[in-house]
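Take a look at the letters that make up each chain.
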Amino acid sequence: MKRITLLLLIILILFAACTKKEKVQRPKLVVGLVIDQMRWDYLYRYYERYGDNGFKRLMRKGYNCQQAMINYIPSNTGPGHACIYTGTVPSVHGISGNDYWDVLANKSVYCASDPLVYQTGDDLKTPSMSPRNMLTTTITDELRLATNLRSRVYGIAIKDRGGIFPAGHLANAAYWYNDRNGTFVSSTYYPNPNPEWLKAFNKRKVADSLEKLNWNLLYPANTYTQSTTDANNYEKGFKGEKAPVFPHITDSLADSDRHSMLKTMPQGNTISLMMAKACIEGEHLGAGDDADFLCVSLSSTDYMGHQFGPNSMEAEDMYLRLDKEIGEFLDYLDSKVGKGNYLFFLTADHGAAHNATFLADNDVPAGFLNPNTLPDLNMYLKAQFGKDHLTDTIGNYQLVLNESLIEKEKLDRNKIKDVTRQWFSKKPEVQYVVDIEDMSKTPVPEPIHTMIVNGYYRLRGGCLQFILNPGWYDYGTKQTGTTHGTWNP
């Protein structure tokens, strides 16, 4: 009898073990860090000067995807962030530029604009931002859907589009920097856009404290051997500066000027990561039963690059400082969430070109499209068709025709396109002019052909795509600092 009882007990234990529900092991928190305009070579350009806990820790202990390439144009902030988090290209998710021509509305539209919502704290209720223009779900949306909305998702960035698109349509909230008063804000798109922890963070006036630190070099100037000399013609200084050189003094400027300049300084990264920590603490991210997701985008690297360029001492100093801040942030995650309990990834939305004037001064072919290109083209088309202003604008290296005028005057649209293509083709700085609506008209080599197709969304763009020579950029580009957006690395 005892043997039978013992056997039954063993069977019950084995049955219980077999039927026990084992929970799938997932990270408590996923943290995505996008460094706006970070070139891949920065990992090695400043490698010897990095500490062990920042970029080097990620490269040594993480998986380093060294063959990742952008497969669309234009390579800008809005499309870049949308591509990272949707896993698809602008022709599918619809964010075809930071600004794009809305064919149906017949006007230029900002990628994150939304007339149906307004910014938190805005008594005038002026239209604000949301992810509504993005046509697809993101990995963060899919996480929310997979957990029946239990997982929590937040986006944080200086730029609104850098926080909004990664967080997706179903985000609990996204926050961005208001350079009028140095606070972080959100919009009424989100269910709880102004929580108590955010109010407390803004009351601390963190921006004011950081701006008073100014921007001095982290190390002696003679150690910045990967940079051009501090005083040169390829950089633009801050407001009130006689020259774009260190130290950059901000503490004596008016509040609105200082708040705006913070976006371009290393302190912009600092306040963004401080906001990330405040969000983790305030929302108890990583403390629940389901995985949470925090999307952080560091925008100051992009503002700095546009103003000073990749060869500047400002670029080198910013990345040396950022390396330390990433190390400190990882240490924080280790202690707060626990080693092995979180998944962290780092990437960039796009890279950056060398300054075109710098290249030309060093005998490398480079330059800018003539600023009179559009007026000259319209004059030429008027001589051919008898009507002025047959084109509306050039944006994202695409030409937009004046469709309403062409339709009103019953002009031959295809003929206008062909004449325009021939006109552009005669310019020596232009490699290809592509009729995006009929790609067969122009033989374009790979990978340019695929990049054009992947970047084109038919209701948000022009009808002709022109490809400039490598090192050449459109006339909207400032001749100081740097830019991006073209097909070539």
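These numbers were taken from a predicted model, which means no experiment stands behind them.

Now for the nonpolar core. Ranked by internal contacts, the top residues of the largest apolar core, which has 86 residues, are F184, I271, L294, Y319 and L333. Here this core gets 12 residues from one element, more than from any other, and that element is helix α13 (residues 313-338). Apart from the residues within four sequence positions on either side, I271 is in contact with I158, Y177, F184, F201, V206, A207, L210 and L262. Of all hydrophobic cores here, the second largest spans 29 residues; its members include L399, L405, V419 and V433.

Moving on, we come to the packing of helix α11 (residues 266-283) against α13. In helix packing, the relevant descriptors are the interaxial angle and the interaxial distance, both defined with respect to the helix axes. As a packed pair, α11 and α13 sit with axes 10 Å apart at the nearest point and diverge in direction by 10°. Here α11 is positioned roughly parallel relative to α13, judged by the angle of their axes. The segment α11 lies against α13, with P266, N269, T270, L273, A276, K277, I280 and E281 engaging M318, R321, L322, E325, F329, Y332, L333 and K336. Across the contact of α11 with α13, the residue classes break down as nine nonpolar, two polar and five charged.

Taken in spatial order, the four strands of this open sheet run β12-β13-β15-β14, and their pairing is antiparallel. Edge positions in the sheet fall to β12 (391-395) and β14 (430-435), since each of these pairs with one other strand and no more. Pairs of neighbouring strands in the sheet enclose a mean axial angle of 20°, with direction left out of account. Pairing analysis gives four bridges linking β12 to strand β13 (residues 398-401), with the strands arranged antiparallel. Note on β13: the bridge partner recorded for T393 is V400. Across the sheet, helix α17 (residues 413-425) is in contact with β12, β13, β14 and β15 (464-468); its angle to β14 comes to roughly 170°.

Moving on to the environment of G462. Examined against the element boundaries, G462 turns out to sit in the loop between α18 (448-455) and β15. G462 sits in the buried class, given a relative accessible area of 5%. With 65 residues separating them along the chain, G462 and Y397 place their C-alpha atoms 8.9 Å apart. In contact with G462, other than residues within four places in its own chain, are Q398, L399, V400, I436 and Y456.

Another point: the side chain of E235. Looking at the secondary structure, you find E235 in the loop between α9 (206-211) and α10 (255-261). One buried charged residue, E235, remains without a salt bridge, the closest side chain of opposite sign being R45 at 10 Å. A polar contact is formed between the side chain of E235 and the side chain of N232, at a distance of 2.9 Å. Residues within four places of E235 in sequence aside, it is in contact with T228, T229, D230, P244, Q307, F308, S312, E314, T480 and G481.

Conventions used here
Residues numbered from 1 in each chain as written. Predicted model: local features only at pLDDT ≥ 70, side-chain atom pairs only at ≥ 80, totals over all residues. Heavy atoms only, no water. Core = buried A, V, L, I, M, F, W, Y, C linked by side-chain atoms within 4.5 Å. Buried < 20%, exposed > 50% of the residue type's maximum accessible area, 1.4 Å probe, protein only. Helix = DSSP H or I, 4+ residues; strand = E, 2+ residues; numbered from the N terminus. Contact = heavy atoms within 4.5 Å. Axes fitted to C-alpha atoms, helices over the stretch in contact; angles between N-to-C directions. Parallel < 35°, antiparallel > 145°, perpendicular 65-115°, else oblique. Nonpolar A, V, L, I, M, F, W, Y, C, P; charged D, E, K, R; others polar. Pairing = 2+ DSSP bridges. Lys, Arg positive; Asp, Glu negative; His and termini not counted. Salt bridge = Lys/Arg side-chain N within 4 Å of Asp/Glu carboxyl O. Polar contact = N/O pair within 3.5 Å; in protein donor to acceptor, adjacent residues only side chain to side chain.

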